[in-house]
Amino acid sequence: MNKSLHPTDYRLVVFLDEAAKFSFLTKSTVASNETIVWEDGNKYPVVKIHISSASHPFFTGEEKIIDTEGRVDRFAAKMKAAKEHKEKLAKKTTVKTK
């Protein structure tokens, strides 16, 4: 077994689920430039996550859409632009008759 394969620089890190306002403290090797003051008064690196057991539908039992990156809005805008383009092309191909 390769001994240099596994990381050895574990430290305490806070993971923060912004959607559910839920956070937990655990050991990790993940890098972070941000810090947060935890409940014990100490400062720890913080990693912001989009989904956790507090907000995932499998664990909460309810389905909700978390659109943190604007995917739904971008999709709706693309569909609107495509429809307008299609209508514009349809008007061009319509032959005017007298």
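Figured I'd write up the structure that's included with this text.

Rules and cut-offs
- Residues numbered from 1 in each chain as written.
- Predicted model: local features only at pLDDT ≥ 70, side-chain atom pairs only at ≥ 80, totals over all residues.
- Heavy atoms only, no water.
- Pairing = 2+ DSSP bridges.
- Helix = DSSP H or I, 4+ residues; strand = E, 2+ residues; numbered from the N terminus.
- Axes fitted to C-alpha atoms, helices over the stretch in contact; angles between N-to-C directions.
- Salt bridge = Lys/Arg side-chain N within 4 Å of Asp/Glu carboxyl O.
- Phe/Tyr/Trp six-rings, centres within 6.5 Å; stacked < 30°, edge-to-face > 60°.

## Section: the sheet that holds strand β2 (residues 22-28)
And step 1. Here we have four strands laid out as an open sheet, ordered β2-β1-β4-β3, and mixed in their pairing. With one partner strand each, in any of the chains shown, β2 and β3 (35-37) form the two edges of the open sheet. Pairwise comparison of adjacent strand axes, ignoring direction, gives a mean angle of 45 degrees for this sheet.

## Here's the deal with the pattern of salt bridges
And step 1. The tally for this structure, following the rule as stated, stands at two salt bridges.
And step 2. Through salt bridges with shared partners, one network takes in Glu18, Glu34 and Lys48.

## Here's the deal with the packing of aromatic side chains
And step 1. Applying the stated criterion to the full structure yields two aromatic pairs.
And step 2. Measuring from ring centre to ring centre gives 5.6 Å for phenylalanine 15 and phenylalanine 24, while their planes differ by 15 degrees; the resulting arrangement is stacked.
And step 3. With 5.9 Å between their ring centres and 40 degrees between their planes, phenylalanine 22 and phenylalanine 24 make a pair best called tilted.
And step 4. Members of the aromatic cluster, connected to one another through ring pairs, are Phe15, Phe22 and Phe24.

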